[in-house]
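# Examining the three-dimensional arrangement
Now for the letters of each chain:
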Amino acid sequence: GRFVTEQASWERFTGQKFEEYRDGGSIEAIHPDDREAVLDAWTRGVAERASFDYEFRLRRADGEYRHV
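Quick caveat, the model's predicted, so the values are computed rather than measured.

On to the overall build of the chain. Scanning the chain from terminus to terminus reveals three helices and two strands. Order of helices (α) and strands (β) in the chain, N terminus to C terminus: α-α-α-β-β. Relative to its length of 68 residues, the chain is compact, with a C-alpha radius of gyration of 12 Å against a globular reference of 11 Å. Here the chain holds 68 residues, and 26% of them are scored as buried. With the model as given, the accessible surface of the chain reaches about 5,000 Å², and the carbon-plus-sulfur share is 46%. Computing the positive centroid from 11 side-chain charges and the negative centroid from 15, the chain places the two 3 Å apart.

Next up, the structure:
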């Protein structure tokens, strides 16, 4: 559940630097009301070794949230 390489598109969208999102800091960019459900979906997907689709709000570099 962590980034192992820099993701330029993530950095452009969220404004986070690699050091911020590398070890789980990416969760901070997810809207607080969506975090638990996103983490549950991700955990289930990993446990089942299955892909999943989930829509949630992600904070952009300018502070605005967008659905992704």
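Now that the structure has been shown, we can carry on.
This part covers unusual backbone geometry. Of note, Arg49 is a non-glycine position whose phi angle comes to about 50 degrees, a positive value. Relative to the helices and strands, Arg49 resides in the loop between helix H3 (35-48) and strand S1 (57-59).

Moving on, we come to the environment of Ala50. You can see Ala50 is positioned in the loop between H3 and S1. Given the relative accessible area of 35%, Ala50 is considered partly exposed. Considered as a pair, Ala50 and Arg35 are 15 residues apart in the sequence and their alpha carbons are 20 Å apart.

Here the focus is the nonpolar core. Counting residues in each nonpolar core, the largest one holds nine residues, listed as Trp10, Phe18, Tyr21, Ile27, Ala29, Ile30, Val38, Phe56 and Leu58. Setting aside anything within four residues of it in sequence, one finds Leu58 in contact with Trp10, Phe13, Thr14, Ala29, Ile30, Glu64, Tyr65, Arg66 and Val68.

Attention shifts here to the layout of surface pockets. Taken as a whole, the largest pocket holds about 490 Å³ of empty space. What lines the largest pocket is a set of 15 residues, among which Ser26, Ile30, Val38, Trp42 and Phe56 lie closest to the centre. It is H3 that contributes the most residues to the lining of the largest pocket, three residues altogether. Taken together, the residues that form the lining of the largest pocket break down as eleven nonpolar, three polar and one charged.

Criteria and cut-off values
Residues numbered from 1 in each chain as written. Predicted model: local features only at pLDDT ≥ 70, side-chain atom pairs only at ≥ 80, totals over all residues. Heavy atoms only, no water. Helix = DSSP H or I, 4+ residues; strand = E, 2+ residues; numbered from the N terminus. Rg over C-alpha atoms; globule rule 2.2 N^0.38 Å. Buried < 20%, exposed > 50% of the residue type's maximum accessible area, 1.4 Å probe, protein only. Areas by Shrake-Rupley, 256 points an atom, 1.4 Å probe, with all protein chains shown as cover. Lys, Arg positive; Asp, Glu negative; His and termini not counted. Charge placed at Lys NZ, Arg CZ, Asp CG, Glu CD. Core = buried A, V, L, I, M, F, W, Y, C linked by side-chain atoms within 4.5 Å. Contact = heavy atoms within 4.5 Å. 1 Å grid on protein atoms, 1.4 Å probe; cavity = no way out; pocket = protein on both sides within 12 Å on 5 of 7 lines; lining within 4 Å. Points joined across faces, edges and corners; volume = space filled by probe spheres on them. Nonpolar A, V, L, I, M, F, W, Y, C, P; charged D, E, K, R; others polar.

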